[in-house]
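One-letter residues, chain by chain:
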Amino acid sequence: MQTANRDPVLLAWLDGFTEVVGRSIAWLVILMMAVQFAIVVMRYAFSLHSVVMQESVMYMHAMVFMLGAAWTLRHDGHVRVDIFYRKLSARGRAWIDLLGTLLLLFPVTLFIAISSFGYVRSSWAILERSPDGGIPAVYLLKSLILVMMALLLVQGVAQVIRQVLILRGRAPGNTPEHDEVV
């Protein structure tokens, strides 16, 4: 009974962690747009070019995408072919989500993490830099692959807990939030 009482606390903590990361990283979109605007103004109004600024937009875009993936999973924002899913009961959707997490999310995430570890380690070993003289931290950019996998695993654990609670009747079922196409 003690672990049953801890499940919602752990779920809330995991979801909260994902929420903080996702909301924090979302602010980079505004900064990314401002830097891109500055690049355009500098190039066309003053004929100036900055490789560092160009690369910073790429780095921010990578951070938004990779660090926001777990938040997107948390909010059911990934692409789903839900021909039948939408019409299932809460328990049916919970089974689909649970099996998808256990049989797809975890194996694929672990495969990507394991197979990219050497790639990231090699980049760190030489402290890889931009070949164009831009940001001297390509190794940090490549590290985002592993951070993304860790964040997806954390949110995957939260998803498993949530679906088990739904299947046990201890949490309300999820309702698809997407607009119904008629």
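Above this text is the structure in question.
Attention in this report is confined to the structure presented alongside it. (Residues numbered from 1 in each chain as written. Predicted model: local features only at pLDDT ≥ 70, side-chain atom pairs only at ≥ 80, totals over all residues. Heavy atoms only, no water.)

1. Points about unusual backbone geometry
Phi is positive for Ser-47, close to 55°, though the residue is something other than glycine. Following the sequence through the fold, Ser-47 ends up in the loop between helix H1 (2–46) and helix H2 (51–67). In this structure Ser-47 comes out as exposed when scored by relative accessible area, which is 66%. One non-glycine residue, Asp-76, lies in the positive phi region at around 55°. With respect to the helices and strands, the residue Asp-76 is situated in the loop between helix H3 (69–74) and helix H4 (90–125). With relative accessibility at 23%, the residue Asp-76 sits in the partly exposed group. (Helix = DSSP H or I, 4+ residues; strand = E, 2+ residues; numbered from the N terminus. Buried < 20%, exposed > 50% of the residue type's maximum accessible area, 1.4 Å probe, protein only.)

2. Comments concerning the side chain of Thr-109
Of note, Thr-109 is situated in helix H4. Every residue in contact with Thr-109, bar those within four places of it in the chain, is listed here: Met-149, Leu-152 and Leu-153. (Contact = heavy atoms within 4.5 Å.)

3. A look at the side chain of Arg-162
Inspection of the secondary structure puts Arg-162 in helix H5 (residues 138–167). Given the relative accessible area of 15%, Arg-162 is considered buried. For Arg-162, the contacting residues outside a window of four places in its chain are Leu-11, Asp-15, Arg-74 and Gln-155.

4. Some details on H4
Helical geometry note: an α-helix holds 3.6 residues per turn, so side chains three or four residues apart project in the same direction. Relative to the 52 Å expected for 36 residues at 1.5 Å per residue, H4 spans 49 Å between its end C-alpha atoms, a close match to the ideal helical length. Thr-101 marks the point of greatest bend in H4, at about 40°. Looking one or two residues past H4, Leu-127 carries a phi angle of roughly 45°, positive in sign. (Expected span 1.5 Å × (residues − 1). Bend = angle between axes of the 7 residues up to and from the residue.)

5. Some points on the packing of H2 against H5
Running from N to C, H2 and H5 point in directions that differ by 10°, and their axes come no closer than 9 Å. By the criterion of interaxial angle, the relationship of H2 to H5 is roughly parallel. Between H2 and H5, the residues in contact are Met-58, Tyr-59, Ala-62, Met-63, Met-66 and Leu-67 and Val-138, Leu-141, Leu-144, Ile-145, Val-147, Met-148 and Leu-151, respectively. Residues that form the contact of H2 with H5 fall into these classes: 13 nonpolar, no polar and no charged. (Axes fitted to C-alpha atoms, helices over the stretch in contact; angles between N-to-C directions. Parallel < 35°, antiparallel > 145°, perpendicular 65-115°, else oblique. Nonpolar A, V, L, I, M, F, W, Y, C, P; charged D, E, K, R; others polar.)

6. Thoughts on the packing of aromatic side chains
For the coordinates displayed, the defined rule picks out 2 aromatic pairs. Between Trp-13 and Phe-17 the ring centres are 5.8 Å apart and the planes differ by 5°, which places this aromatic pair in the stacked class. Of this pair, Trp-13 and Phe-17 both sit in helix H1, 4 residues apart, which is roughly one turn of that helix. Looking at Phe-17, the relative accessible area reads 33%, which means it is partly exposed. (Phe/Tyr/Trp six-rings, centres within 6.5 Å; stacked < 30°, edge-to-face > 60°.)

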